[in-house]
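Now for the letters of each chain:
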Amino acid sequence: MKSFALLLGVSMAFSAVASFAEDFRTLPPTKTDRIKVTDRVWSKTPGDASVCIWKDDKLAAVSFTIDDNWVSDHAWWDEMGKKYGFRATWFIITANADKTGQSAWDSFQKLKDEGHDLQSHTVSHLNKNYTKGLDGDYGDAIKDIESKIKGAKVICLAYPGGNGREKNNPDIAMKYYYAARGTAGHNNPVGKINYRETNSLSGTIGMEKTFVNRRTGKEGPHWAYVGDTIVPGKPSFRNWVSVHYHGVNTPQKREKAEKEFQFLKEHEKDYWLGLWADVIKYGQERDTAELKVVKNTASEISFTLTDKMVNDIYDYPLTIKICVPSAWGTATAVQNGKPVECRMVEHDGAKYVFVQAVPDRGEVTVSGK
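What comes next concerns the included structure. (Residues numbered from 1 in each chain as written. Predicted model: local features only at pLDDT ≥ 70, side-chain atom pairs only at ≥ 80, totals over all residues. Heavy atoms only, no water.)

**Quick look at empty space enclosed by the protein**
Within this structure, the stated rule accounts for three cavities of 30 Å³ or more. Empty space within the largest cavity amounts to approximately 70 Å³. Lining the largest cavity we find 12 residues, and of these V41, V51, C52, I53 and D57 sit closest to its centre. The class makeup of the residues in the lining of the largest cavity is five nonpolar, two polar and five charged. The computed volume of the second largest cavity comes to approximately 40 Å³. If you trace the second largest cavity, you find 10 residues lining it, with V41, S43, D48, S50 and K321 closest to the centre. For the lining of the second largest cavity, the elements supplying multiple residues, two or more each, are β1 (49-51) and β14 (318-324). Per-element accounting of the lining of the second largest cavity gives the leading share, three residues, to β14. (1 Å grid on protein atoms, 1.4 Å probe; cavity = no way out; pocket = protein on both sides within 12 Å on 5 of 7 lines; lining within 4 Å. Points joined across faces, edges and corners; volume = space filled by probe spheres on them. Nonpolar A, V, L, I, M, F, W, Y, C, P; charged D, E, K, R; others polar. Helix = DSSP H or I, 4+ residues; strand = E, 2+ residues; numbered from the N terminus.)

**Focus: the pairing of strand β12 (residues 290-296)**
Pairing between β12 and strand β13 (residues 300-306): six bridges, direction antiparallel. Note that in β13 the partner of L291 across the bridge is L305. A loop of three residues connects β12 with β13, the two strands running antiparallel in sequence. (Pairing = 2+ DSSP bridges.)

**Some words on the sheet that holds β1**
Across the sheet, which stays open at both edges, the four strands sit in the order β1-β14-β18-β17 with antiparallel pairing between neighbours. Edge positions in the sheet fall to β1 and β17 (342-347), since each has one partner strand and no second. Between one strand axis and the next, the sheet turns by 25 degrees as a mean value, whatever way the strands run. Of the pairings in the sheet, the one linking β17 to strand β18 (residues 350-357) comprises six bridges and is antiparallel in character. Opposite E346, over in β18, you have K351 as the bridge partner. (Axes fitted to C-alpha atoms, helices over the stretch in contact; angles between N-to-C directions.)

Right under this line is the structure:
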């Protein structure tokens, strides 16, 4: 297998960040950045292309997840999603859904049909009376959800009780899943995301600028404030914020959560509100991507895009930004002969196209006139 090189900047001047010798289900943890973390890149040379750190060149990513089923909250979450422009991910305990009867699965099916996502929180939530061990608790949950929900594809796990400690085992989990969510209360550093055990913030905790230390009683800046992810120079700049909820079942809880949605809506130009599974696909594809411009003329720019992830799962489009000739008024794109999403923007006197391309699916040609 060839190694890859990725520079989030000019396409013709790649700089190696890491090398892999195989196609991965899940990237191994790292202590160093897999990618070069930068602000938005705006080259003014026509033909220069880059992989955007997040979809649509957003500065940061945010995902809303809900644990433990909470069927009574389904309608509220769907209402909020439609009002503020996001969809959420439910991590389902399948045995509990079975106990409540077909109505729970019907409610989950409605969420799926509305564009929300359904992933695994195991069969039993590691109940001490469960007799099939971790392999059964992890693996059978996938079968349960995919057999009961039309269109479901389960590739992610939320560890019961938090990160992969105590009863959980990430090595066993990764036999069945492609990423897993823990509950360590921090956002995820964009260049070093641990896809086997991601961080996640409880409820609205990451939306507060300040917090009160439980031990000292003193107020200070919040260590994981989501607003810092779009501020250059902050340690959390460009990070992914995963937020996990349980019941949002009181007026006070709902009011507090809705303030979070309002904040993100006000800053929607900077935040990608992505489904949890989509973010882990985008991140691992981006972290192993190789982008090469193979043609650059006055009317056409072509490139190839590959990655080091297994193709049967990692099929989410990466956003490719290309500086194009100033004479272009419109642009279209095809990948392997099929049309793909393409839009043109202007920035500081130059023109760019944003192309949505899936790695390893063939050459992409952008045409302008």
